[in-house]
Structure formats: structure tokens, C-alpha cells
Amino acid sequence: MKTLIVGGGIAGVALACGLAGQGHDVTVIERELAIHGSGLGFWPYLASSLKQLGVYDEVHASGHLAERVLMCDRNGNVVTENVREDGTRLHTELVIARPTLIRLLREIATDRGAKYLQPVTYIRLENSPTGVRAQLSDGTNDTFDLVVAADGANSEIRTNFINSVSKPMPGAPGFFRALIPHDETLLPVAHVFEGSRKLVFIYPTGSGKAYAGLYVSDPEPHMDQEETTQRGLELLEEFNSPQVDHLRKIVSEDSSMFTYRRVTTHLVPAPWYRDRIVLIGDAAHTMPPNVSGGASMAIEDAAALSESVRRNPQIDEALADFMSARFDRVESVVRYAGEVLSLGPMLNSFAANSPVHDEMIESLLGQVPAGEPPRV
Ligand SMILES: Cc1cc2nc3c(=O)[nH]c(=O)nc-3n(C[C@H](O)[C@H](O)[C@H](O)COP(=O)(O)OP(=O)(O)OC[C@H]3O[C@@H](n4cnc5c(N)ncnc54)[C@H](O)[C@@H]3O)c2cc1C
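Residues numbered from 1 in each chain as written. Predicted model: local features only at pLDDT ≥ 70, side-chain atom pairs only at ≥ 80, totals over all residues. Heavy atoms only, no water.

*Asks:* Tell me about the confidence of the model for the protein chain, and name the residues and values.
*Replies:* In the predicted model, the protein chain carries a mean pLDDT of 90, and 89% of its residues have values of at least 70. Summarising per-element confidence for the protein chain, the mean pLDDT is lowest in helix H10 (residues 355-363) (57) and highest in strand S12 (residues 146-149) (99). Counting contacts from residues 347-353, a segment whose pLDDT is below 50, to residues more than four positions away or on other chains yields 33 contacts. Note that residues 366-376 has pLDDT below 50 and, in this model, 31 contacts with residues that lie over four places away or in other chains. (pLDDT = per-residue confidence, 0-100. Helix = DSSP H or I, 4+ residues; strand = E, 2+ residues; numbered from the N terminus. Contact = heavy atoms within 4.5 Å.)

*Asks:* How would you sum up the site of the ligand? Please name residues and give values.
*Replies:* Taken together, 30 residues lie near the ligand, and Ala-11, Glu-30, Arg-98, Arg-177 and Asp-282 sit nearest. A distance of 2.8 Å separates a nitrogen atom of the ligand from a polar atom in the side chain of Thr-121. Here an oxygen atom of the ligand sits 2.9 Å away from a polar atom, N or O, in the main chain of Ser-296. Contact with the protein chains hides 90% of the accessible area of the ligand, taken as 1,000 Å² for the molecule alone. By residue class, the composition of the shell around the ligand is 12 nonpolar, 10 polar and eight charged. (Near = heavy atom within 4 Å. Polar contact = N/O pair within 3.5 Å; in protein donor to acceptor, adjacent residues only side chain to side chain. Areas by Shrake-Rupley, 256 points an atom, 1.4 Å probe, with all protein chains shown as cover. Nonpolar A, V, L, I, M, F, W, Y, C, P; charged D, E, K, R; others polar.)

*Asks:* An account of the packing of aromatic side chains is needed here, citing residue identities and associated values.
*Replies:* Two measures describe an aromatic ring pair: the distance that separates the ring centres and the angle between the ring planes. Evaluated as defined, the whole model comprises eight aromatic pairs. Both rings, one in Phe-176 and one in Phe-258, keep their centres 5.5 Å apart while their planes meet at 55 degrees; by these two values the pair is tilted. Here the residue Phe-176 occupies a position in strand S13 (residues 170-181), and Phe-258 occupies one in the loop between helix H7 (242-253) and strand S17 (259-264), the gap between them amounting to 82 residues. Note on accessibility: Phe-176 and Phe-258 belong to one class, buried. Ring geometry for Phe-201 versus Tyr-203: centroids 6.3 Å apart, planes at 75 degrees, classification edge-to-face. When the ring centre of Phe-144 is taken as reference, the NZ or CZ atom of Lys-2 above it lies at 5.7 Å. The ring centre of Tyr-45 lies 5.0 Å from the NZ or CZ of Arg-329, which sits over that ring. (Phe/Tyr/Trp six-rings, centres within 6.5 Å; stacked < 30°, edge-to-face > 60°. Buried < 20%, exposed > 50% of the residue type's maximum accessible area, 1.4 Å probe, protein only. Lys NZ or Arg CZ within 6 Å of the ring centre and 35° of its normal.)

*Asks:* So, the pairing of strand S1 (residues 2-6): which residues are in play, and what are the values?
*Replies:* With four of five residues buried, S1 lies mostly within the body of the structure. A crossover links S1 with its parallel partner strand S2 (residues 25-29), the connecting element being helix H1 (residues 10-21), and its sense is right-handed. By the bridge criterion, four bridges tie S1 to S12 in an arrangement that is parallel. Within S12, the residue paired with Ile-5 across the bridge is Val-148. (Right-handed = clockwise from strand over helix to strand, strands pointing away. Pairing = 2+ DSSP bridges.)

*Asks:* Outline the packing of helix H8 (residues 294-311) against helix H9 (residues 315-342), listing residues and values.
*Replies:* Following both chains from N to C, one finds H8 and H9 inclined at 155 degrees, their axes separated by 8 Å at the closest point. The pairing of H8 with H9 is recorded here as roughly antiparallel in orientation. Here the hand of the crossing between H8 and H9 comes out right-handed. Contacts from Met-297, Glu-300, Asp-301, Ala-304, Leu-305, Ser-308, Val-309 and Arg-311 of H8 reach H9 at Ala-318, Leu-319, Asp-321, Phe-322, Arg-326, Arg-329, Val-330 and Val-333. Partitioned by chemical class, the residues of the contact of H8 with H9 number nine nonpolar, one polar and six charged. (Axes fitted to C-alpha atoms, helices over the stretch in contact; angles between N-to-C directions. Parallel < 35°, antiparallel > 145°, perpendicular 65-115°, else oblique. Left-handed = near helix turned anticlockwise from the far one by under 90°.)

*Asks:* With reference to specific residues and values, describe the environment of Ile-202.
*Replies:* Of note, Ile-202 is situated in strand S15 (residues 198-204). Separated by 13 residues in sequence, Ile-202 and Val-189 place their C-alpha atoms 8.8 Å apart. With residues up to four places along the chain from it excluded, the contact list for Ile-202 reads Ile-180, Leu-187, Ala-190, His-191, Phe-193, Ala-210, Tyr-211, Ala-212, Gln-243, Val-244 and Leu-247.

*Asks:* Residues and numbers for H1, please.
*Replies:* Taking 1.5 Å of rise per residue, 12 residues should cover 16 Å, and H1 covers 17 Å from first to last C-alpha, within 8% of that figure. In terms of residue burial, H1 counts as a mostly covered element, since 11 of its 12 residues are buried. Taken residue by residue, H1 has Ile-10, Ala-11, Gly-12, Val-13, Ala-14, Leu-15, Ala-16, Cys-17, Gly-18, Leu-19 and Ala-20 as its buried positions. A positive backbone phi angle near 90 degrees is found at Gly-23, which sits one or two residues after H1. (Expected span 1.5 Å × (residues − 1).)

*Asks:* Lay out the environment of Leu-341 with the relevant residues and their values.
*Replies:* Mapped onto the elements, Leu-341 comes out in helix H9. Taking the C-alpha atoms as reference points, Leu-341 and Pro-288, separated by 53 residues in sequence, lie 7.6 Å from one another.

Right, here's the structure in full:
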């Protein structure tokens, strides 16, 4: 099968690993040269998809398993370890820098034979029940059996080929995020600092960088880069600890450090495909990152689509199989993420004694109850 994957983000490179691993002819096109982004945290339930894609060991070796998380007050006094004040134990996350993960998966995919073209986009796609004719910006004209739109939340392919009205709208909360140099003395383990309607988290990522974020319950209006830095520094003023001082110093010295994004919740109605074009990852769904999140769902999509293709030599049957494997699962994660968010400003957790907690543990993360073996 000859596949064109549009978008070399998490979903695109993960799928390239899966399909190229099965011996398919895979081309990934990515329009940007730089790899943006800060950190990602994966809950244990992602293990099976990483294993299915054959990348589990490599991803594990490139990230940091956050087995200890110190929960602190705004002045840096440790309140609990791995346990929120309400008694809920945190799921152990594998934390990894987004650029590290993308480079790693890209390398694995190309080792398995995938082509990765960058900076390249498509000029024209002609979809039909038998294939997609594609004209690419590097001059290539070719026909593909399948085109996968892994082109992110603002997917143009979604709008032009699958669903012209469904799109994510910015919601709450908002996150200021940065990938900062990791000072191991100051930050031997992950720290979370709780302020008023906001949290600061700083997690080692295992690659010499730390993933730092400021979660704000009340979303900020649109800001340019200078305003983002200024507003982020202002909001950090309420925190007072060596770790947050370190973050503040880095952000004030490098005004490109902090990015700001509001969380979006979005699910494209089924089906996510038409003829030979299919959406995966953020192009199909976005959600708050409080039950692992969109990158986990993107990797699950990639594993599921690879598996559907392996089981079904007919592409239309593979796409129908993929859809039935994914829609209900993603719908439930999006719904839970929204419900968890409504319980308050939380990170990697949710209130004990809530019906949401029990239902989620059972149906979504059933195989990995909170507090159990911490292997992602
Ligand atoms: C604040 C915040 C925190 C998050 N934290 C987590 C977390 O802890 N855990 C987690 O699992 N998820 C998290 N997420 C979500 C996660 O970042 C996304 O779900 C994930 O990056 C989606 O991957 P993707 O490949 O679908 O899209 P993207 O990563 O957006 O990649 C899309 C790629 O397509 C390329 N592209 C677009 N159009 C074209 C085109 N026409 N031609 C060629 N290339 C194109 C883009 O340049 C980009 O590289 C978080 C998100 C936010 C906002």
C-alpha cells in the first residue's frame, strides 16, 4: 500500500513507524523545518499502543518516568508526594520533550524505510474511491492508495475533504509552557506548585530539558509573544520557590521561551474518512491534557490504523474497522477529560470519591488502576 501522510507531528511520525514497519510504502510530508513544542506526559495506558507500533523501549529510554512528584504549596513547601491533598494518587507519567519524541519516531520510521520530506506540503489532492492524486510542493506528482491527514487541530484537509464545519474552538484552561534547561540539583524530581486558580509544574524530561508549565483556570485573551512573556511572568509572581525562581529567570532572559495556548475540546463526527482520505490525531479530535491527552490519542490512532490496515487488505474495510475501533474510545476520553476538568484545576488527577473517578478507572484505564505499577 502506498500512503501519503500529511503532517510530521506526533500522529504522522507514529503512523509512519507502524506502516513502514509492516513494509508499506510511506511518504511523510511536513511543511515546517523547525520542531516546536515543549513536553508531553503519557499515562500508563499508552503502553499497549507504543508496543504495537514497536517503539515502546525507545520512547521509554528517551523520556523521564515521573515516579516521584512533589506536590508543593506556592512557597515551595512540600505538602505531599505523588498524592494530591484529597488523597488521590497520581498516575505515573512518562514525560518526554515533544521535539525529542518527534525526532526519535522520525528516525525509527526512516530506518524502517519511510520517506520524510521537509519542508514540503501538498499543492493539490484529488480524492476518489480508488486512490488520491497528489501534487506536492517539491514537484512530485503521484497517486497514493491512502492519504492520511495528520495535519493538526486546524487541519485544512478536514475542512476541504471531510467536514467543512467541525472545528475546535479555544476554551479553558490556558497553559503557558516552556522547555527549559534542566538543573538536576534544583529539580532532581518533578514538582507541582499550587497557587490560586493556577498551578506551576516542572517535570524533568530525560533529555537535558525540563517541561515547565503554568496552568491558568481563567483563559487569557490573544497575546503576542512579548505580551505572553510579560503576562506569564506576572502570573508567576505569586509563587516563591527556588524552582519557580529558576523558571522566572529563564523566561525573563529569553522572551521566546513561553508559549501560550488555550485548551480546546473537539470531536469530528464519524466517519473521519471519505474515499481514500482519513483524519487522525488532532485533526480528528482535541481534548484537555488531564487524562493523558491528545498526543496519547494521536499515538493510539496511529497504532489502531496500522492494525486495521494489517488485518484488512481492502482499504475501505480497513478504514471502517479503524473507525469502529476509535470513535467510541476517543469520544469517552474527550467526555471524561471535560468532566474531570469541571471538577477543578487539576493536573494528572481527579477527585477521589467522585463517580467520574470510579467510572474512568474502570472503563478507560481499567487495566492500570491509580497507584499500580508505574510503567508507561
Ligand atoms: C497546553 C497543552 C498541553 C498538552 N499536553 C499534553 C500531554 O501532556 N499529553 C498529551 O498526550 N497531549 C498533550 N497535548 C496535546 C498534544 O500536543 C496534541 O494532541 C498532539 O501534538 C497532536 O499531534 P498531531 O500530530 O495530531 O498534531 P500536531 O502535533 O499539531 O502536528 C501536525 C503537523 O502537521 C503539520 N502540517 C499542518 N498542515 C500541513 C500541511 N498542509 N502540509 C504539511 N504539513 C502540515 C504541522 O506543521 C505539524 O507539524 C497538549 C496540548 C496542549 C495545547
